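Descriptive analysis of the structure
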Amino acid sequence: RIVGSQATANLFSVLGVEPALGRPFRPGEDQPGNDRVALLSHGLWVRRFGGDRNVIGKQIRIDGADRAIVGVMPQGFQFPDRNTEMWVPFSLTKEQWANHQSHYLQVVARLKPRARLEQANADLGSIARALAEQFPDSNSKVGAFAVAMRDQYTRKLRLGLFVLLGASGFVLLIACANVANLLLARATGRKREMAVRMALGAGRARIVRQLLTETLLLAALAGGLGLLGSRWATSFLWQLIPDEIMRPEGAGLDLKVLGFTLLISLGTGALFGSAPAWRLSKISLNDSLKGGGRGSLGRASGRLREFLVGAEVALALVLLMGAGLFLQSFANLRGIDLGYRPENVLTLQTPLPRPKYADSVKRTAFYDAVLGRVSHLPGVVAAGYTTWVPLTNYGGATGITIESRPAPERGKMPIPNVRVVSQDYFRAMGVPLKEGRLFDERDGAQTAPVAIINRTMAGKWWPGEDAVGRRFKVGSYEEKSPWITIIGIVADSRQAGIDVPARAEMYLPYQQQEFYAPSYLAVRTTGDPSKMAETIRQQVWEVDSEQPVAHVAPMSALVDEALSPRMIQTSLLGGFAGLALLLASLGIYALLSFTVAQRTQEIGLRMALGAQRRDVFGLVLTQGLRPTLVGIGVGVMGAFALHKVIAHLLYEVSPTDPRTFAGVAILLAGVAVAACYFPARRATKVDPIIALRYE
């Protein structure tokens, strides 16, 4: 099976894309009878035709009809999604174009030069109002609006991507703060060297340039190493690209990424290397030459180092808060009641091609034969057909009219999802029955039409009533469609996504319905469903040897795939938070270690004058915890300020969850105490006699 898309002849010119080989569709080739042509994607051309440039003009059979290959699209072209590998003309008759009851087409347009989207939407609004007046009997409100194509493909992803970008920026800032602290410490050790240089005639500008040059060289080397390291991570990073975004062809070096990496490396080096360079250029020449090689850059430098440590702690706390909230949200999604039991269920798709199966009698015979064979296989508990298993199609709805209710106003007709199923579908998927009964042998092609609805549909349109036994029909009162009797109510199934509430949904037996032909087969097994895949394929091919069998996968894999974006976000944010916690603890440790080394004489003097070891321990511990506690306070306020940013990314957890805030603050404080312990303990072991001689 090849995933394809139907398109009008002018689609590719509107998109501004020409085939790399051959030609696009010609005007008129999207008319009935003239549509026997096809365009291939670059990937399909290489994979199935070996990249043969003589493929143009060759005949292929698509859904039982012969078509000529007229072109191959360029490498990297993906539309409307990256699964589409073939395009054929969209040929509709005049009667089909005149149908105002169905709204399933997607329209692509190109704005005129200097035209704005607001102008286009104003024009579309006028057209929609005119159509509403022209066709007042349309079964739903006519409306139209345009969105930018980039927004269409990224609107669900943008916030999550910005959160991850912000997290990586926080980690970068924490790392830079650590580097700045180390440079300040290094600058203290070079105080005498800089004094000598200045005594020999070097000006402050020259000193700053030298120190910045050293810092930029380190930053450039680190950026280069990071760039090389990213090459090894390409395969992992590739998996992080969401399905809605086009994946780049190949894994070559991108000049934009290279430029961004160089800019970030040099920019951060210059920014965080400037403070130590500036402080060192302002030293007192007299005091430095008299004071020997050791000493301090002054109280301002000490306050700056404490400020940097506090900033690290604050940034780390914000990241840890985000990671904690995302982890709770992911756990909530993992434990949600899906309305079905995905374990031990194999799903596969057998889309029946037209015109081979245009007749409903032939389709019914195919379903009956496949179900009869598969249901009797050893290890199979139940097998059922449906139009779409959960998480594969978010829509598939139609308007209905409820018996004994006033005709709904235009635009307010009930529109539930529709699933056409076989009688054992609910048993195969593990969907529990709540009221009434399930489909059985009484519900055939010659019996009165029946339906099963979910609890949301029952509560929405029969609130406080017993919906079993009620009737409705597809379409309006004027439609000639028969009345359908509700015989049962089942649990809600999460169709549109794990985190999306169930919509109103009705299930109809395939023997009684002409529309929405089933294509998915769900098979519940006693063991690992994947081991049954080949056997089930053979049963389908025993019924029709030419029938494609596609998308074979355990239902649990579809659930995991739906959860994968959340899992990736949680894993990445958790990784960033863990790295931030490590860097912050290293920053605290480095600050205290440097402070102990710098204050060795002072500590020795205190101990010589009678200070106890616990006093020294408390002094050093207090100095380390002071910026930590300030950082925790600032971080908590920052996390509160940013709660609205991630609120839409969470599921059933408050962005200001007090337990998460308290837990993260306690964790960070505990790590800070651990980082302070060893320098403080080392300070208590200072020998007063040696310390008083220390330079």
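Residues numbered from 1 in each chain as written. Predicted model: local features only at pLDDT ≥ 70, side-chain atom pairs only at ≥ 80, totals over all residues. Heavy atoms only, no water.

Describing the packing of helix α19 (residues 613–641) against helix α21 (residues 658–684)
Put simply, the rule reads: Fitted lines through C-alpha atoms serve as axes, helices being fitted only where they are in contact, and the angles separating the N-to-C directions of these axes extend from 0 to 180 degrees. The secondary structure listing takes helices from DSSP runs of H or I that are at least 4 residues long and strands from runs of E that are at least 2 residues long, numbered from the N terminus. For classification purposes, an angle smaller than 35 degrees is called roughly parallel, one larger than 145 roughly antiparallel, one from 65 to 115 roughly perpendicular, and anything else oblique. Here a crossing is called left-handed whenever its near helix is offset anticlockwise from the far helix by less than a right angle, and right-handed whenever the offset is clockwise. The nonpolar class holds Ala, Val, Leu, Ile, Met, Phe, Trp, Tyr, Cys and Pro. Asp, Glu, Lys and Arg form the charged class, and all remaining residues, Gly among them, are polar.
Interaxial distance between α19 and α21 falls to 8 Å at its minimum, and their mutual angle equals 155°. Of the possible angle classes, the one that applies to α19 and α21 is roughly antiparallel. Judged by the twist between their axes, the crossing of α19 over α21 is right-handed. In the contact of α19 with α21, the residues fall into 20 nonpolar, three polar and two charged.

Looking at helix α4 (residues 117–134)
Definition in use: Residue count minus one, scaled by 1.5 Å, sets the expected span of a helix. Exposed residues in this analysis have more than 50% of their type's maximum accessible area, buried residues have under 20%, and partly exposed residues fall in between, with area computed by a 1.4 Å probe over protein chains only. Within this analysis, the arc is defined by the directions that extend from the helix axis to the C-beta atoms.
Helix length check: α4, at 18 residues, gives a terminal C-alpha distance of 25 Å against a target of 26 Å (1.5 Å per residue), a fit within 8%. Of the positions making up α4, those classed as buried are A120, G125, A128 and A132. Down the axis of α4, the buried side of the element spans an arc of 140°, and every buried residue falls inside it. Opposite its buried face, α4 presents the exposed residues D123, E133 and Q134, each directed more than 90 degrees away.

Observations regarding the packing of helix α13 (residues 360–375) against helix α16 (residues 533–543)
Worth spelling out the cut-off: In what follows, residue pairs with any heavy atoms lying within 4.5 Å of each other are defined as contacts.
With their axes 9 Å apart at the nearest point, α13 and α16 run at an angle of 140° to one another. Between α13 and α16, the angle falls in the class oblique. The handedness of the crossing between α13 and α16 is right-handed. Every residue of α16 that contacts α13 at F366, A369, V370, R373 and V374 is listed here: I536, Q539, V540, E542 and V543. Residues that form the contact of α13 with α16 fall into these classes: seven nonpolar, one polar and two charged.

Describing the packing of aromatic side chains
Each aromatic ring pair is summarised here by two numbers: the centre-to-centre distance and the angle between the ring planes. This is how it is decided: For Phe, Tyr and Trp, where Trp contributes only its six-membered ring, two rings pair if their centres lie within 6.5 Å, and the inter-plane angle classes them as stacked under 30 degrees, edge-to-face over 60, or tilted in between.
Using the criterion set out here, one finds 17 aromatic pairs in the structure. For the ring pair F12 and W87, a centre distance of 6.2 Å and an interplane angle of 85° mean the geometry is edge-to-face. Here F12, found in helix α1 (residues 11–15), pairs with W87, found in strand β6 (residues 86–89); they are 75 residues apart in sequence, far enough to count as distant. Note on Y367 and Y385: the rings are 4.8 Å apart at their centroids and 50° apart in plane angle, and the pair reads as tilted. A residue pair is termed long-range when its members are at least 10 positions apart, and Y367 in helix α13 and Y385 in strand β8 (residues 380–386) qualify at 18 residues. A relative accessible area of 0% means that Y385 is categorised as buried.

Observations concerning the confidence of the model for the chain
Test applied: pLDDT is a per-residue confidence score from the predictor, ranging from 0 to 100.
Taken over all residues, the pLDDT of the chain has a mean of 85, while the share at 70 or more is 90%. Long-range and interchain partners of residues 292–297, a stretch whose pLDDT sits below 50, account for 18 contacts in this model, where long-range means more than four residues apart.

Some points on the nonpolar core
The condition that has to hold: The definition of a nonpolar core used throughout is a set of buried Ala, Val, Leu, Ile, Met, Phe, Trp, Tyr and Cys residues joined through side-chain atoms within 4.5 Å.
Of all hydrophobic cores here, the largest spans 46 residues; its most connected members are L319, M321, F326, I588, I603 and L668. Those elements that provide at least two residues to this core are α6 (158–189), α12 (299–334), α17 (555–598), α18 (600–608), α19 and α21. With eleven residues, the top contributor of residues to this core is α12. The contacts of F326, once residues within four sequence positions are left out, are V163, Q569, T570, L573, I646, L649 and L650. By size, the runner-up hydrophobic cluster in this structure holds 40 residues, among which are L346, L371, L377 and V418.

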